Amino acid sequence: MCSYWLGLIAADDVTVSRIGRSDANVVGVGRYQSEPIAANSSRTPVKHCTCCELRHWHTGVSCLYMHTSRVLSALLVGLGVALIAGGLTAPRFLHGDGRLPLSVGEATWTISDPEGTRDGKPAPVVRQLHMELRDPSNDDVVSVRVGDTLRAGDAGRDFDNLMNASTWAFTMHRVTGAIPLPAKAQLVMAMPDVDIPIDGVWLKFPSDVQQQSYDVFDPVLRGSSPAVFTGEEEIAGRTIYRFQQDIPPANVAVRYADAKNTQTIVGPEGEQIRAFYYHAVRRELMVDQVSGLVVGISEAVDDYYGDVDGKGLRNIVTYDGTMDPAQVEERVADLALVYSDADSQVA
């Protein structure tokens, strides 16, 4: 049964009674009593309440239902307006400095070349970087884990195609992209982590990216090399800067010790030649101008064993890989609610 709370407010008392609208004989309550007053009462109502459709018996009496409903309506309308306004403006205030949003959660960059080579033979090559943003994190820094794999070949077992796999765990500044402490890198499965400093930036440039050169980390070199600004474009309404990083053939063996960095190769006349791991790459990075997040990567890599002078002796892997444009757009979409300080003030 639908019912209302009817309050009778007189000069010297308040009586509140719950009255069922389905009872035709009940139209009000008495001044000092809570029992219903019959419709044929000799007292004549002086006011008819339009909100609850009942009659009140005393001059100056008002309906609490009417007042309460109006107050609640006003509060609900005000709350709704506040929530809508907050929802529209909060993202801009939260990301007004272009810091990396924790909402990104995970991001993947897949670079592929179906016509690469491995050990001098044709082989499809896929390099994949997978980043996870983890706890502990706060307004300034975020815990990051990056998985880096390189596969070449089309063997039935994925393990047979795997050339390199590593994971990197570090703390990164959400605005500058700086990695102040050495990363914990697992370079060989089931082996202890190795502390490796990451000088320069990697997958996150400083927010409000400038048209200048930045030192960008290369995990094969375990060091950084300049990436030069080359131009800009627009993707999904966001400004994207392009940077090119050129690393000439570098002898990795002189940078750090590793079992794969040196080999003994038999020369054309049967002689033993000590060979060294060389790494060369031309890399293009697409970077969101506001947040500094890398949204696209293409790279031409030539890794080989060469003599002390750098002359090539044996191919390790060669590829000229690019990302699918749809995946680039996904990385851009991750940043839809990241604004610069200037955009936040205008909005």
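Residues numbered from 1 in each chain as written. Predicted model: local features only at pLDDT ≥ 70, side-chain atom pairs only at ≥ 80, totals over all residues. Heavy atoms only, no water.

Quick notes on the environment of Val 104
Within the secondary structure, Val 104 is located in the loop between helix 1 (64-94) and strand 7 (106-118). For Val 104, a relative accessible area of 9% corresponds to the buried category. Sequence spacing of Val 104 and Leu 133 is 29 residues, and the spatial spacing of their C-alpha atoms is 7.5 Å. In contact with Val 104, other than residues within four places in its own chain, are Leu 133, Asp 334 and Leu 335. (Helix = DSSP H or I, 4+ residues; strand = E, 2+ residues; numbered from the N terminus. Buried < 20%, exposed > 50% of the residue type's maximum accessible area, 1.4 Å probe, protein only. Contact = heavy atoms within 4.5 Å.)

Comments concerning the side chain of Arg 174
Tracing the backbone through its elements, the reader meets Arg 174 in the loop between strand 10 (162-173) and strand 11 (183-186). One buried charged residue, Arg 174, remains without a salt bridge, the closest side chain of opposite sign being Asp 139 at 4.5 Å. A polar side-chain atom of Arg 174 sits 2.9 Å from the main-chain carbonyl oxygen of Asn 138. Among residues more than four places away in sequence, those in contact with Arg 174 are Arg 99, Leu 100, Pro 101, Leu 102, Asn 138, Asp 139, Asp 140, Val 141, Val 142, Lys 204 and Ser 207. (Lys, Arg positive; Asp, Glu negative; His and termini not counted. Salt bridge = Lys/Arg side-chain N within 4 Å of Asp/Glu carboxyl O. Polar contact = N/O pair within 3.5 Å; in protein donor to acceptor, adjacent residues only side chain to side chain.)

Some thoughts on the side chain of Glu 299
By secondary structure assignment, the location of Glu 299 is in strand 18 (residues 294-306). Given the relative accessible area of 1%, Glu 299 is considered buried. Within the structure, the side chain of Glu 299 is placed 2.6 Å from the side chain of Tyr 319, a separation counted as a polar contact. Non-local contacts of Glu 299, meaning those with residues more than four positions away in its chain, are made with Ile 111, Arg 127, Val 281, Arg 282, Arg 283, Tyr 319, Asp 320 and Gly 321.

Topic: the pairing of strand 10
Where strand 9 (residues 141-152) lies against strand 10, 11 bridges are found, and the strand directions are antiparallel. Looking across to strand 10, one finds that Val 146 is bridged to Trp 168. Across three bridges, strand 10 lies against strand 11 in antiparallel orientation. Bridge pairing links Thr 167 to Gln 186 in strand 11. (Pairing = 2+ DSSP bridges.)

Examining the confidence of the model for the protein chain
For the protein chain, mean pLDDT is 81; residues scoring 70 or higher make up 70% of the total. Contacts of residues 1-37 to residues separated by more than four positions or lying in other chains number 86 contacts, the stretch itself having pLDDT below 50. Overall, residues 42-48 carries pLDDT values under 50, and its contacts beyond four positions in sequence, including any with other chains, amount to 15 contacts. (pLDDT = per-residue confidence, 0-100.)

Digging into the nonpolar core
Counting residues in hydrophobic clusters, the biggest one holds 45 residues, and the most contacted among them are Trp 109, Trp 168, Phe 170 and Phe 205. Residues in contact with Phe 170, not counting those within four places in the same chain, are Val 142, Ser 143, Val 144, Val 146, Ile 179, Ala 183, Ile 198 and Trp 202. (Core = buried A, V, L, I, M, F, W, Y, C linked by side-chain atoms within 4.5 Å.)

Notes on the packing of aromatic side chains
One pair of aromatic rings is described through two measures. These are the centre distance and the angle between the planes. Counting across every chain of the model gives 11 aromatic pairs. With centroids separated by 5.7 Å and ring planes inclined at 80°, the aromatic side chains of Trp 168 and Trp 202 adopt a geometry described as edge-to-face. With Trp 168 in strand 10 and Trp 202 in the loop between strand 12 (194-196) and strand 13 (214-218), the pair connects residues that are 34 residues apart, well separated along the chain. Residues Trp 168 and Trp 202 agree in their burial class; the two are buried. Site record: aromatic cluster; members linked through ring pairs are Phe 205, Tyr 214, Phe 229, Tyr 241 and Phe 243. Residue placement shows Arg 222 over the ring face of Tyr 256; its charged tip is 3.6 Å from the ring centre. (Phe/Tyr/Trp six-rings, centres within 6.5 Å; stacked < 30°, edge-to-face > 60°. Lys NZ or Arg CZ within 6 Å of the ring centre and 35° of its normal.)

Some remarks on the pairing of strand 17 (residues 272-288)
Of all the 17 residues making up strand 17, 12 are buried; the element is thus mostly covered by neighbouring parts of the structure. The pairing of strand 15 (residues 238-251) with strand 17 spans 10 bridges and is antiparallel. Residue pairing for strand 17: Ile 240 is matched across the bridge by Asp 288. Pairing geometry for strand 16 (residues 262-266) and strand 17, over five bridges, is antiparallel. Bridged to Gln 263 within strand 17 is Ala 275. Turn length for the strand 16-strand 17 hairpin, with the two strands adjacent in sequence and antiparallel, is five residues, and the turn residue Gly 270 shows positive phi of about 85°. Here strand 17 pairs with strand 18 via 12 bridges, running antiparallel. Note that in strand 18 the partner of Leu 285 across the bridge is Ile 297. With antiparallel pairing between neighbouring strands as the criterion, strand 17 and strand 18 make up a hairpin whose turn holds five residues, including Gly 292 at a positive phi of roughly 85°.

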